[in-house]
Every structure is written in C-alpha cells, then in structure tokens.
Amino acid sequence: MVFFHILSKRYGFFSSCFPMYNIIRFLAERGEKNYLLSGIEVDDKERKWLYQIKRGEISFFRKFLFLNRFFLSSSLKADFIFVYDPADAMALSLFSRIIKKKMRAKIIYYNLELFVLDYNSHFKRLIGKVLEQILISNSDFFVALSPKRLELAKSIFKISCPTFVIPNSYDFEAENLNYSPSYPPRVLLAGGLEESVLAGIENGLDGNFIFVFHGISKYGIENLKKKLAHLKNVEFYERFLGYDDFKNFVSKHDIGFVWYDNSNLNDRFAGWSASKYFRYLSLGKPVIVRDLPELKETTEENSFGVAISSFSEIKNAVSEIVKNYSNYVKSIEQNYSKFEFSPNFKTF
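Attention here is on the structure that accompanies the text. (Residues numbered from 1 in each chain as written. Predicted model: local features only at pLDDT ≥ 70, side-chain atom pairs only at ≥ 80, totals over all residues. Heavy atoms only, no water.)

## Re helix 14 (residues 314–323)
Cut-off, in case you're wondering: Burial classes: relative accessible area under 20% of the type maximum marks a residue as buried, over 50% as exposed, and values in between as partly exposed (1.4 Å probe, protein chains only). Every helix listed is a DSSP run of H or I at least four residues long, and every strand listed is a run of E at least two residues long, numbered separately from the N terminus. Arc definition: directions from the helix axis to the C-beta atoms. We call two residues in contact when some of their heavy atoms are within 4.5 Å.
Every buried residue of helix 14 is accounted for by Ile-314, Ala-317, Val-318 and Ile-321. Down the axis of helix 14, the sector holding all buried residues measures 100°, keeping them to one side. Turned more than 90 degrees away from the buried face of helix 14, the exposed residues are Asn-316 and Lys-323. Looking at the buried side of helix 14, the elements it contacts are strand 8 (186–190), strand 9 (210–214), strand 11 (255–258), strand 12 (287–290), strand 13 (305–308) and helix 15 (325–335).

The structure is reproduced here in structure tokens:
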C-alpha cells in the first residue's frame, strides 16, 4: 500500500500535481493500493487510481496540527509515504520519525520545489531550512527532478539517504504526429500568467502566429483581455481541463512556449521540473524556451526547439521552427524516450 501525502489549495489533481499523477498511475497499474490525502479535486476518472482522504489546509499552523494529528491517530498502515511539497515537509518534520515508526512506512521526499533560498526573511529562511532538513534526515529516499536541482539541494541540505533524479515528465503520448504546422501556427503557453510574461507581451508579440494562454492569473483573465485587446494575435483560455482534456487541448497547437522568471531560485532552475515543457514534447510539439539552465541545454542538444533570451526573439524563433518543423518533430520522436516518466521511475 502506498500513501500519498499531498495538501494543496489548487484545484484539479491531475492538472496541478503531474508528478503525483504519474506515480499513482504507475503504481496502480502494478496492483498497489494508493491513498491520497488532499484538499484538491479528484474527478471520477482519476478515482480509479486511488482512494482519497479529502482534507486540505492552507495555514501552515493548521496544516501542522492536522497532518500530525492525522498521521499519529490514523489506523492506516503504509509501505511508503510520499511527501511532495516543502511546506508539507516542514509541517511533518518534527514528528516524522514517530510517524514512520507508527505507520511502518518509509518516507520518500519528492522534492518538487526549491524554496528555502528564496525566502526574503532571514528568519523564515533559517526556520524553513531547519525544518526541511529534519524531514530529509528522517527520509528513506530523496527524489530530485533534475541533476541541477539535486546539486542545488545537496548544497543546501545534508542528504544521507539514497538520491534519485526523475524528470517531471510524461510518457510519450502523441497519437498522431503532425510534421507540418497549421497556418498561422499556434503557440501555446500553459500555466500562470506572471509579471515577467505580461511585461513581454505588453511590449508586443509581433509576428504571423497565434499566441494562446491557458491558465489563471492574479490579474484576472477578463482584465487581461481588455488590457491586451490591441494584440490581435493573442488568445486566452482559462477553463480548467482534466488530464485527458488537457492532452487533447495541447495536441491542437503547434509549438509549446516555456518561460520562467529568473529572479528566484526555483524558477531559474526550473529545468526538468517544468511539466509543461515535457507535456508539449510528449505530444510531439517543438518548443520555444527561455535560455535557463537545463532548459536551454536539453532543448538544443536534442533539437527539441529554440532557446531565446527575450520576448523580442519569439517571432524569429517561431519562423525557425516553422521552417524546419518536420525535423524538430522527428528529433522529438528519436530523443524524447530518455526523458519519459515510466522508465525513469521504474529505475527508482
């Protein structure tokens, strides 16, 4: 039996927690019984992979009280407990050794985010680092999402348990590969619309292509539509999509776009933790990425697409991909297998 510990305020489990979805499906197909402790929504299709204990806390203090009370009072036994989020790791840290013993479980820290060095407050940085270190010291396995992120984690924490690198990826799922783009080509940015992206858009997205945003924004989609109404080649799509629907949605576009802010550690070294990056590639879509560590190298070394340093380069990047579209798609066919989820997770 595998017990998944995930607490989140986000909605739509399989769209927002892709690593956990892949792990749960992988184990369920091999006969494991999976429990999900989460406040996020799980639909009927997703429930075939797991049993859900639905509860979520946003406040760190309430999360601390609930998680430890639940694990210490629960009669459930487990083979493994996956801890997914740094905030949850911190909340569980002080009682992690007792919880392991009571549930007869091994703890796997699936280190999705690198937050400790991004705290502006010295106090929060210190306390956060201490608490996360306690959880890591009581973990049986540590999973990083890329070689660079493992290197960074080791520079922050003392990790004595076995470590593994598993990209935040997907198995190759393209049902029908397109070797030529539509006209005009559709460029998709899936994910939140953050300040660095909006600043680039406001400077203009000149070019004969359609730029599509799918996701949410703290600025409000309707406000953004009004603000950017003068850009005729920009479209917004906000509706939540489940796993299969999102896969079909991505398949209708030609190029995937990946852009992270480089001002904080977690985004600057997004690399192989960028699920949108692998979602595009797993459906045979060439990509345009910001020239950040690992994203740039992986994209260029495998001819997955083009790396750029500013929004002003998007027009040329689109032209480059359109001109050599079939070559990029063939290269994805040939090279993506090394990043597929199942072979990497099977090793773990």
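So much for the structure itself; the text now carries on.
## Let's talk about a nonpolar patch on the surface
Which entries qualify depends on this criterion: What makes a patch is a set of residues exposed beyond 30% relative accessible area and free of salt bridges, joined within 9 Å when like-charged and within 5 Å when nonpolar (Val, Leu, Ile, Met, Phe, Trp, Tyr). Methods summary: accessible areas were calculated by the Shrake-Rupley approach with a probe of 1.4 Å, and residue burial reflects only the protein chains presented. Definition used for salt bridges: Asp or Glu carboxyl oxygen within 4 Å of a side-chain nitrogen of Lys or Arg.
Together, Phe-123, Leu-126, Ile-127 and Val-130 make up an exposed nonpolar region whose accessible area comes to about 390 Å². Looking at the element boundaries, Phe-123 is found in helix 6 (residues 122–137).

## Comments concerning the environment of Phe-249
Along the polypeptide, Phe-249 turns up in helix 10 (residues 243–251). Through-space distance from the C-alpha of Phe-249 to that of Leu-188 is 9.8 Å; in sequence the pair is 61 residues apart. If near-sequence neighbours (up to four positions away) are discounted, Phe-249 is found in contact with Leu-188, Val-212, His-214, Tyr-237 and Leu-241.

## Re the pairing of strand 5 (residues 106–110)
Selection rule: Between any two strands, pairing holds if DSSP finds at least two bridges.
Judged by how many residues are buried, strand 5 sits mostly within the fold: 4 of 5 residues are covered. Relative to strand 5, strand 4 (residues 80–83) is paired through 4 bridges, and the arrangement is parallel. Following the sheet pairing, Phe-82 is matched in strand 5 by Ile-108. In the sheet, strand 5 pairs with strand 6 (residues 141–144) via 3 bridges, with the strands oriented parallel. Pairing of Tyr-109 across the sheet is with Phe-142, part of strand 6.

## A few points about the nonpolar core
Quick reminder of the rule: What is meant by a nonpolar core is a set of buried Ala, Val, Leu, Ile, Met, Phe, Trp, Tyr and Cys residues, joined one to another through side-chain atoms within 4.5 Å.
One finds Tyr-277, Phe-278 and Leu-281 to be the most contacted residues of the largest nonpolar core, which totals 36 residues. When residues of this core are traced back to their parent elements, those giving at least two are helix 2 (18–28), strand 8, strand 9, helix 10, helix 12 (275–282) and strand 12. Ignoring any residue separated from it by four or fewer positions in sequence, one finds Leu-281 in contact with Phe-172, Val-287, Phe-304, Ile-332 and Tyr-336. Counting residues in each nonpolar core, the second largest holds 35 residues, with Ile-99, Ile-136, Leu-150 and Leu-152 among its members.

## Section: the packing of aromatic side chains
The condition that has to hold: Classification of ring pairs rests on two measures: the distance between centres of Phe, Tyr or Trp rings, Trp counted by its six-membered ring, which must be within 6.5 Å, and the angle between planes, read as stacked under 30 degrees, edge-to-face over 60 and tilted in between. Both a distance and an angle decide whether a charge sits over a ring: NZ of Lys or CZ of Arg must be within 6 Å of the ring centre and within 35 degrees of the ring normal.
Evaluated as defined, the whole model comprises 25 aromatic pairs. Centroid distance Phe-64 to Phe-95: 6.2 Å. Interplanar angle 45°. Geometry classified as tilted. With Phe-64 in helix 3 (residues 60–73) and Phe-95 in the loop between helix 4 (86–92) and helix 5 (96–103), this residue pair connects regions lying 31 residues apart in the sequence. The exposure class of Phe-95 is partly exposed, given its relative accessible area of 29%. Ring geometry for Tyr-277 against Phe-278: centres 5.1 Å apart, planes inclined by 70°, an arrangement best described as edge-to-face. Accessibility assignment for this pair places Tyr-277 and Phe-278 in one class, buried. Chaining the aromatic ring pairs together yields one cluster made of Phe-172, Trp-272, Tyr-277, Phe-278, Phe-304, Tyr-336 and Phe-339. The ring of Tyr-51 is capped by Lys-33, whose NZ or CZ atom sits 5.1 Å from the centre of that ring.

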